[in-house]
Amino acid sequence: YSPSCIEQLAQSWGSTRSNMSFVCGDATRLETVPAIANGDERTDAIIDKGLIDALMCGEGWNGDVERLLTSAAKQLKTNGLYILASYKLSSATKDFLLDVGKEVGLEWTFDLEDEDNTRVSLSKAVMMHN
């Protein structure tokens, strides 16, 4: 976690993005983050720019990614979006995300960009129910 990074983002964008919250905590356990745990509203969107990529570099990554998506699904409104900007996902990783998504109510669409990009992928998951 990087409180200084979150503080910089809040300073740079907070005054122009009053509808956004900038919080720091364990993304695999969002319910333990005080700013989230004390609220009773779910969120419209979660943006993941490289977190799943980073988690996949460690041992037991599948458990970490499953906890992340389970935690995120609990915080998203129905029809809320989990937006994933990542390196290109292998078919095995996509299958894993689809399987976890089915368990937690996230419906995935991969490779949203029209451009032919062999390195980066933009994907989304829609929260189908709460």
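Residues numbered from 1 in each chain as written. Predicted model: local features only at pLDDT ≥ 70, side-chain atom pairs only at ≥ 80, totals over all residues. Heavy atoms only, no water.

## Regarding the layout of surface pockets
By volume, the largest pocket amounts to about 1,500 Å³. Ser-21, Phe-22, Val-23, Ile-46 and Ile-47 are the residues nearest the centre of the largest pocket, which is lined by 39 residues in total. The element best represented in the lining of the largest pocket is strand E1 (residues 43-49), accounting for seven residues. For the lining of the largest pocket, the per-class residue count stands at 22 nonpolar, nine polar and eight charged. (1 Å grid on protein atoms, 1.4 Å probe; cavity = no way out; pocket = protein on both sides within 12 Å on 5 of 7 lines; lining within 4 Å. Points joined across faces, edges and corners; volume = space filled by probe spheres on them. Helix = DSSP H or I, 4+ residues; strand = E, 2+ residues; numbered from the N terminus. Nonpolar A, V, L, I, M, F, W, Y, C, P; charged D, E, K, R; others polar.)

## Digging into the confidence of the model for the chain
Keep in mind that low pLDDT regions are not for reading the predicted coordinates in detail. Here the chain averages 89 in pLDDT, and 93% of its residues register 70 or above. Taken element by element, the predicted model of the chain shows its lowest mean pLDDT in helix H2 (residues 34-37) (71) and its highest in strand E3 (residues 106-109) (98). (pLDDT = per-residue confidence, 0-100.)

## Comments concerning a negative patch on the surface
A cluster of like negative charges, contributed by Glu-66, Asp-95, Asp-99 and Glu-103, occupies part of the molecular surface. A total of three residues in the negative patch trace back to one element, the largest contributor, which is helix H5 (residues 91-104). Take Asp-95: it is sitting in helix H5. Under the relative-accessibility criterion, Asp-95 is labelled partly exposed at 45%. (Patch = residues over 30% accessible without salt bridge, like charges linked within 9 Å, V, L, I, M, F, W, Y side chains within 5 Å. Areas by Shrake-Rupley, 256 points an atom, 1.4 Å probe, with all protein chains shown as cover. Salt bridge = Lys/Arg side-chain N within 4 Å of Asp/Glu carboxyl O. Lys, Arg positive; Asp, Glu negative; His and termini not counted. Charge placed at Lys NZ, Arg CZ, Asp CG, Glu CD. Buried < 20%, exposed > 50% of the residue type's maximum accessible area, 1.4 Å probe, protein only.)

## Quick notes on the environment of Arg-42
As for its placement among the helices and strands, Arg-42 is situated in the loop between H2 and E1. Assessed through its relative accessible area of 34%, Arg-42 is described here as partly exposed. Sequence separation of Arg-42 and Lys-124 is 82 residues, and the distance between their C-alpha atoms is 18 Å. At a separation of 2.5 Å, a polar atom in the side chain of Arg-42 contacts the main-chain carbonyl oxygen of Lys-74. (Polar contact = N/O pair within 3.5 Å; in protein donor to acceptor, adjacent residues only side chain to side chain.)

## Considerations on the environment of Asp-99
Structurally, Asp-99 is set in helix H5. Taking C-alpha positions, Asp-99 is 14 Å from Val-126, a pair spaced 27 residues apart along the chain.

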